[in-house]
Amino acid sequence: MIAFNRYYNKFNILSISLVVISLLFLIFKGLNFGIDFKGGTLIELRSTDSKINVSSLRDKLNQMNLGDVSVKKFGNETDFLIKFEVDNNKNIIEEIKQNFDKSYGNNFDFRRVENVGPKVSAELLRSGVIAISVALALMLIYIWIRFEWQFSLGAILALFHDVIVTLGLFSLLGLEINLSIIAAVLTIVGYSMNDTVVIFDRVRENLRKYSDIKIFDLTNISINETLSRTLITSITTLLALLSIFFFGGEVLKGFSLAMIFGVIFGTYSSIYIANTVLVRLRVSQKTILKDEEKN
Amino acid sequence: MLYFSKLRIIFITLISLFFVLIASSNIFKFSNEVLDKKINLGLDLQGGSYLLLEIDNSPVIEQKLQNLTITIKNYFKDKKIKIKNIKLIDQNLKFSVDDKFRQTILETFRDKESNLNPYYPRFKSHQLNITEEEGGFIVNYSKQGIVELKTSSQDQALEIVRRRIDEIGTNEPNILKRGNDRILVELPGLDDPMRIKSLLGKTANLTFRFVTNNSEDSFGAEKLKYEDTSEESIVSKRIILSGDNLLDAQPRMNSETNETVVSFTLDRVGAKRFGKATSANIGKQLAIVLDGKIISAPVIRDTIASGSGQISGGFTFQSATDLALLLRSGALPAPLNIIEERTVGPDLGQDSINAGMIALIIGFALVILFILIRYKIFGLITNIALIINLFILIGVLTIFEATLTLPGIAGIILTVGMAVDANVLIFERIKEELKNEKNNLIAFDSGYTKSKTAIIDANITTLLAAIILFFMGSGPIKGFSLTLGVGIFTTLFSVYFIARLLTVLYVSRNKDKERLI
């Protein structure tokens, strides 16, 4: 049996620091919002001429008065991703097309064009925030119905930890937040909850079984009993996610990366946050028996 | 938990076979109508354009209030009340009357039977609000009045948008209302949305009006620019003919001038009016105005009584075709702005499908291999259930002809990764039970029973997340939540029926073997 409980304090300090650091990053550095949430235009280009490079494209676009233009390689050598915020010109795509045709010859394929107006991006951001809040609230209600409040608190703290640290990591690395990241965060919420609930289920079962074991050791027994399941499920989920990350194409990279972070944090938090909350709240056999009498 | 009746076994087998068959209809072609269903590919996979249009209703409101000034004047003229100083400022109509009439004005506007200011009993509100102020009144649209106006202009705009898109002939467009001032257009397979965008961006408000040199025209006049030059002309506000009077419009080649023109046919009323106007004004210039710009202003040489004519204006064949199309499909009630656009080219779509499929196959293979190594014979059982699960998932999506998006494929891969969770929970539990219980059958039975609550809890949490995503998300993300959500149910089916059945069959034949799992 692995003595997970020996490190409860150390990892709690680590988690608190991670959350604080993440919050600092979120407040001071902020998130790198993509055009979904910031508004603007995105163009994915494929050139048939391998001589065309990022800096030459950037120079061409800078002459067009588009404000802050970002040009990046996207996947392979001949694919480029162009982003800018100017939105007041309806025919901007056509103008860029003509400009490029004139400068480089007809060597471009406009593979993807996305344009999000400021009104829509504000709405998307708002509905994304609402979606995540509603998800957290529903999870809270669900677990509150299923378990005692001490368990709910543990699960919710673990959830907040996972969401905040994942977003903090995105802020630190400057990765783009777009609609699919919101989907990833929501899936992380589901996954982290799933992991926590399985361990909690076992904790409660063991609480009923053993009246003489303190919660400090009881959580450790429960974690160990469910450990192989926790690991196997994390591994298979990570295998699937790594496969999406490496082979699923550029569009899904951010999504799968967020999920990979989330699964790792989710697994960690169900062991080291959810359970330590039970320990700190001194949950005992009485806690669950009292509740069961009431029902 | 370990007993299966014969009937149940047959039932499970039939269901599994049915879904395998349905799922394979995506690859093979079935002549049977029930089986011949396919998963729709989302715009991100098959390529196409997604456009969100917003109707700019403020010109409509201005126009309606402008018309109302005349209506109000005439309405009260009949009642011998003189409306004074009526003017339109920022969508507010201001006017004053002699003090003795103030009460009458208020009563008329607040009368529920009055046709001047319609009353909506359902919403307990008038179309217009009237407020008294120093020296007069302010009339503006009530909240409900604005809603009614928006809804009706949305209905009209939707119809016009549909006609314009149908004229171009893209396959299976999706045109939907969003809120009360937006229209969503999905155009699958469209490579270059430029033409549609420019067609939808035009109001196509066509009028025929005389050019005057006299800016004191009794109807008022305005300075308008020409379409392609910076020249200007003063044009009367009196409308001789409008686009509403057109029956048909077609691009033509004028054989005399060798120029592309748009020829039009007028309805009866229009033809009569056109004939009258042209006969009385020979020698004058008639401006053809489209969306506030003059296309051309030919001099009338002769009476045109045939009810047909031509518009010339230096068109290319393409621009003449487009103008004819716009005139045929009618004018939008208000300008449309494209507030969101997402276009994916067909080859990127194909690349995404390929990448998604490769990721699915590799992810699937990795998971299967890992489970097989970990659980041996029970790994095989889990894997069989997993494969059937995948077929059922695709089968269900096929039956509902759901839309598969790239995030949707990611949802399937993720389902594969998470689907083994339930079986892992069960098998790990059985292993624990076997530590204290020598009888294989009892250990397996209690393993299934005791792991049930954890499995249900775990799946409900994921389901909750998927449901929220489905209702909050748009397009591709909806596809993800759909596969994730449906995946939960198919997983539970495959775990509790298929994998359990196979486990039972294996365990009952080897019940005396030690270290079975």
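A quick note: this is a predicted structure, and the numbers were derived from the prediction, not measured. (Residues numbered from 1 in each chain as written. Chains lettered and ligands numbered in written order. Predicted model: local features only at pLDDT ≥ 70, side-chain atom pairs only at ≥ 80, totals over all residues.)

**Student:** Before we move on, could you go through the overall build of chain B and cite the residues and values that matter?
**Tutor:** Along its length, chain B carries 12 helices and 21 strands. Computed over its C-alpha atoms, the radius of gyration of chain B comes to 35 Å, more than 25% above the 24 Å expected for a compact globule of 517 residues. C-alpha atoms of chain B, sized along the principal axes, occupy 110 × 65 × 40 Å. Residues counted as buried form 41% of the 517 residues belonging to chain B. Within chain B, contacts between residues at least 6 apart in sequence are counted, and of these 68% link residues at least 24 apart. (Helix = DSSP H or I, 4+ residues; strand = E, 2+ residues; numbered from the N terminus. Rg over C-alpha atoms; globule rule 2.2 N^0.38 Å. Buried ≥ 20, exposed ≤ 12 C-beta atoms within 10 Å, placed from the backbone. Contact = placed C-beta atoms within 7 Å.)

**Student:** Break down the domain arrangement of chain A for me, with residues and values.
**Tutor:** Parsing chain A into structural domains produces domain 1 (4–34 + 120–294) and domain 2 (40–116). Computed from C-alpha coordinates alone, the two centres of domain 1 of chain A and domain 2 of chain A are separated by 40 Å. (Domains from an automatic or database assignment.)

**Student:** Can you break down the interface of chain B and chain A residue by residue, with the values?
**Tutor:** The figure often quoted for interface size is the accessible area lost as the parts come together. With 54 residues of chain B in contact, the opposing surface of chain A contributes 55 residues. Element by element, the count of residues in the side of chain B that touches chain A is highest for helix 9 (residues 346–399) of chain B, at 15 residues. Here the side of chain B that touches chain A is built from residues that sort into 33 nonpolar, 11 polar and 10 charged. As defined by bridge partners, strand 5 (residues 108–116) of chain A adjoins strand 20 (residues 336–344) of chain B across five bridges and the pair is classed as antiparallel. Each bridged residue has a counterpart across the sheet, and for Val113(A) the counterpart in strand 20 of chain B is Thr343(B). (Nonpolar A, V, L, I, M, F, W, Y, C, P; charged D, E, K, R; others polar. Pairing = 2+ DSSP bridges.)

**Student:** Mind laying out the confidence of the model for chain B, listing which residues take part and the relevant values?
**Tutor:** In the predicted model, chain B carries a mean pLDDT of 87, and 97% of its residues have values of at least 70. Listed scores for the predicted complex are pTM 0.85 and ipTM 0.89. (pLDDT = per-residue confidence, 0-100.)

**Student:** Summarise the sheet that holds strand 11 (residues 206–210) of chain B; cite the residues concerned and give the values.
**Tutor:** With mixed pairing, the six strands of this open sheet are ordered in space as 13-12-18-17-11-14 (chain B). Of all the strands in the sheet, just strand 13 (232–236) and strand 14 (241–242) of chain B have a single pairing partner and so form its edges.

**Student:** Describe unusual backbone geometry, with residues and values.
**Tutor:** Residue and element names in this part refer to chain B. Of note in the backbone geometry, glutamine 91 takes a positive phi value of approximately 60 degrees without being a glycine. With respect to the helices and strands, the residue glutamine 91 is situated in the loop between strand 3 (84–89) and strand 4 (92–96). The class of glutamine 91 is partly exposed, set by 13 C-beta atoms lying within 10 Å. Positive phi, normally seen in glycine, also occurs at asparagine 258, with a value near 60 degrees.

**Student:** Which residues make up the sheet that holds strand 16 (residues 259–266) of chain B, and what are the values?
**Tutor:** Residue and element names in this part refer to chain B. The strand order across the open sheet built from three strands is 15-16-19, with neighbouring strands paired in antiparallel fashion. Only two strands of the sheet have a single neighbouring strand rather than two, namely strand 15 (246–254) and strand 19 (308–315). Ignoring strand direction, the axes of neighbouring strands in this sheet form an average angle of 25 degrees. Note that strand 15 and strand 16 share eight bridges and pair antiparallel. Bridge pairing links alanine 249 to phenylalanine 264 in strand 16. The sheet strands contacting helix 8 (residues 317–329) are strand 15, strand 16 and strand 19, and the helix crosses strand 15 at an angle near 170 degrees. (Axes fitted to C-alpha atoms, helices over the stretch in contact; angles between N-to-C directions.)

**Student:** Talk me through the pairing of strand 4 of chain B; I want residue IDs and the actual numbers.
**Tutor:** Residues and elements named next belong to chain B. Judged by which residues are buried, strand 4 turns out to be one-sided: Leu93 and Phe95 face inward and are buried, whereas Asn92, Lys94 and Ser96, on the alternate face, are not. Pairing of strand 3 with strand 4 involves four bridges; the strand directions are antiparallel. Within the sheet, the bridge partner assigned to isoleucine 89 lies in strand 4 and is asparagine 92. Hairpin connection, strand 3 to strand 4: the antiparallel pair is bridged by two residues, and aspartate 90 has positive phi, about 45 degrees.

**Student:** Give me the nonpolar core: which residues, what numbers.
**Tutor:** Val185(A), Leu186(A), Val189(A), Ile413(B) and Leu469(B) are the most contacted members of the largest nonpolar core, which totals 187 residues. The element contributing the most residues to this core is helix 9 of chain B, with 21 residues. Not counting residues within four places of it along the chain, the set of residues in contact with Val185(A) comprises Ile132(A), Val163(A), Thr166(A) and Ala258(A). With 14 residues, the next largest nonpolar core counts Ile43(A), Leu45(A), Phe84(A) and Ile96(A) among its residues. (Core = buried A, V, L, I, M, F, W, Y, C linked by C-beta atoms within 7 Å.)

**Student:** Break down helix 6 (residues 149–173) of chain A for me, citing the residues and quoting the values.
**Tutor:** Helix length check: helix 6 of chain A (25 residues) gives 36 Å between terminal C-alpha atoms against 36 Å at 1.5 Å per residue, within 8%. Looking one or two residues beyond helix 6 of chain A, the residue adopting positive phi is Gly174(A), at roughly 65 degrees. (Expected span 1.5 Å × (residues − 1).)

**Student:** Quick rundown of the packing of helix 5 (residues 118–146) of chain A against helix 7 (residues 179–209) of chain A? Include the residues and the values.
**Tutor:** All names here are of chain A. It is at 10 Å that the axes of helix 5 and helix 7 come closest, and there the two elements cross at 5 degrees. Viewed along their axes, helix 5 and helix 7 adopt a mutual orientation that is roughly parallel. Counting all contacts with helix 5, which are made through Leu124, Gly128, Ala131, Ile132, Ala135, Leu136 and Met139, the residues of helix 7 involved are Leu179, Ile182, Val185, Leu186, Val189 and Met193. Across the contact of helix 5 with helix 7, the residue classes tally to 12 nonpolar, one polar and no charged. (Parallel < 35°, antiparallel > 145°, perpendicular 65-115°, else oblique.)

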